[in-house]
Amino acid sequence: MRYFTAVAERGSFTGAARDLHVAQQAVSQQVKALEQLLGVTLFDRSSRRVKLTPEGVVFLADCRRVLAGADRAARRVQAAARGEAGTLRLAFTLVSAFETVPLLLDRLERDYPLLKVDAREVFGCDVTALLRDGDCDLALAPLTSYPEDIRQRTVRREVVRVAIGEQHQLADRCQIELVALRDETLELWPREMAPGYYEAIIAACHSAGFEPNVDQHGAGSTVWGYIAGGRGVGLVVSSLVEQLPRGVKLLDLAPPRPMLTVNAVWRGDHELPAIERLFETAKQLAQERHWA
């Protein structure tokens, strides 16, 4: 098909051979074999020119479509081998939902339009099972311990701030010491639901020198109602500021401010090329937006 198309477009076996970088005899033999295979004459040949027959005109239109499709398929499979096409199934926890994941998805869509990212929010406690069962290729979740077959790589470290009710006695402060929350009730999702997040917040309190009074009934959206009503306070990532419920505000903590480490997590025996493209994109965003 390529030889035939080249001859048709050049109107010459000699010109086609030159463009294809092969001998003219090879082009003539390939076109003759094609005509024998199809049982039609594709060219009217003379000593001065080569002209398409009516059958050749019809065949040329189809050849162009087939060759364009073949070229497109080749580009797509090569892009897939580089991780720039196909589907990447991404799971993420709540702490990445407000800024990290939306920015990653927007940049990946811009830079790799052939790569589809199927993203969904999950609980941190479900990450290992999702990876092992093959229900996702990669997860973004706070740093925690995983089995040996699960690998981790840091994507972002985000500053932690205090979520507090607007009527709380500390709400008018510009910043507060973490130890000032010693006597407050800490609204925190249980470790069974969000192990990495729970561990990071508890560790921050321990570093500040106190054991937090964790609300044993805090979970899900109920914590926001408790915080807005002044029942307790929360320690959350800074990117949550754009999604705060009514009646809740964020306060800065005095240095040294605790950080939450968000890691990419994946199976060691399931390293797709697309995962590396996500790492590259995350690195670019970290540099541009000064992610710690």
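So, how was this worked out
- Residues numbered from 1 in each chain as written.
- Predicted model: local features only at pLDDT ≥ 70, side-chain atom pairs only at ≥ 80, totals over all residues.
- Heavy atoms only, no water.
- Helix = DSSP H or I, 4+ residues; strand = E, 2+ residues; numbered from the N terminus.
- Rg over C-alpha atoms; globule rule 2.2 N^0.38 Å.
- Buried < 20%, exposed > 50% of the residue type's maximum accessible area, 1.4 Å probe, protein only.
- Contact = heavy atoms within 4.5 Å.
- Areas by Shrake-Rupley, 256 points an atom, 1.4 Å probe, with all protein chains shown as cover.
- Lys, Arg positive; Asp, Glu negative; His and termini not counted.
- Charge placed at Lys NZ, Arg CZ, Asp CG, Glu CD.
- Pairing = 2+ DSSP bridges.
- Core = buried A, V, L, I, M, F, W, Y, C linked by side-chain atoms within 4.5 Å.
- 1 Å grid on protein atoms, 1.4 Å probe; cavity = no way out; pocket = protein on both sides within 12 Å on 5 of 7 lines; lining within 4 Å.
- Points joined across faces, edges and corners; volume = space filled by probe spheres on them.
- Nonpolar A, V, L, I, M, F, W, Y, C, P; charged D, E, K, R; others polar.
- Expected span 1.5 Å × (residues − 1).
- Polar contact = N/O pair within 3.5 Å; in protein donor to acceptor, adjacent residues only side chain to side chain.

Participant: So what's going on with the overall build of the chain? Which residues, and what values?
Facilitator: Check the secondary structure of the chain and you find nine helices and 12 strands. Against the compact-globule benchmark of 19 Å for 292 residues, the chain has a radius of gyration of 31 Å, which places it well outside the compact range. Taking the principal axes of the C-alpha coordinates as reference, the chain spans close to 100 × 40 × 30 Å. The 292 residues of the chain split such that 43% are buried. A sequence separation of at least 24 residues applies to 74% of the contacts in the chain between residues at least 6 apart. A total of about 15700 Å² of accessible surface is found on the chain, and carbon and sulfur atoms cover 48% of it. A distance of 11 Å separates the average location of the 36 positive side-chain charges in the chain from that of its 38 negative side-chain charges.

Participant: Can you tell me about the pairing of strand E5 (residues 138–142), naming the residues and giving the values?
Facilitator: Summarising burial for E5: five of the five residues are buried, a large majority. By the bridge criterion, three bridges tie strand E3 (residues 86–92) to E5 in an arrangement that is parallel. Note that in E5 the partner of Leu90 across the bridge is Leu138. As paired elements, E5 and strand E12 (residues 259–267) share four bridges and run antiparallel to each other. Residue pairing in the sheet places Ala139 in a bridge with Val265 of E12.

Participant: Please give an account of the nonpolar core that cites residues and values.
Facilitator: Counting residues in each nonpolar core, the largest one holds 57 residues, and the members touching the most others are Leu140, Val162, Leu181, Leu186, Tyr197 and Leu235. For this core, the leading source of residues is helix H9 (residues 273–289), giving seven residues. Ignoring any residue separated from it by four or fewer positions in sequence, one finds Tyr197 in contact with Val95, Pro142, Leu188, Leu235, Val236 and Leu260. Among the nonpolar cores identified, the runner-up in size contains 17 residues, and Ala6, Ala16, Ala17 and Val31 belong to it.

Participant: Quick rundown of the layout of surface pockets? Include the residues and the values.
Facilitator: Looking at the largest pocket, its volume works out to about 420 Å³. Residues belonging to the lining of the largest pocket are distributed by class as follows: 20 nonpolar, six polar and two charged. Of the voids in this model, the second largest pocket is the one considered here, and its volume is about 190 Å³. As for the second largest pocket, its lining consists of Glu177, Leu178, Val179, Ala204, Ser207, Ala208, Leu253, Ala254, Pro255, Pro256, Arg257 and Pro258. For the lining of the second largest pocket, the residue count by class is nine nonpolar, one polar and two charged.

Participant: Give me H9: which residues, what numbers.
Facilitator: The first and last C-alpha atoms of H9 sit 25 Å apart over 17 residues, in line with the 24 Å expected at 1.5 Å per residue. Of the residues making up H9, those classed as buried are Ala274, Ile275, Arg277, Leu278, Phe279, Thr281, Ala282, Leu285 and Ala286. Of the surrounding secondary structure, the elements contacted by the buried residues of H9 are E3, helix H5 (100–111), strand E4 (115–121), E5, strand E6 (150–165) and E12. Two residues or fewer after H9 comes His290, characterised by a positive phi angle close to 60°.

Participant: Tell me about the side chain of Thr261, and please be specific about residues and values.
Facilitator: Note on placement: Thr261 falls in strand E12. Residue Thr261 is classed as buried on the basis of its relative accessible area of 15%. A distance of 3.4 Å separates the side chain of Thr261 from the side chain of Arg157, its partner in a polar contact. The contacts of Thr261, once residues within four sequence positions are left out, are Ala141, Pro142, Leu143, Thr154, Arg156 and Arg157.

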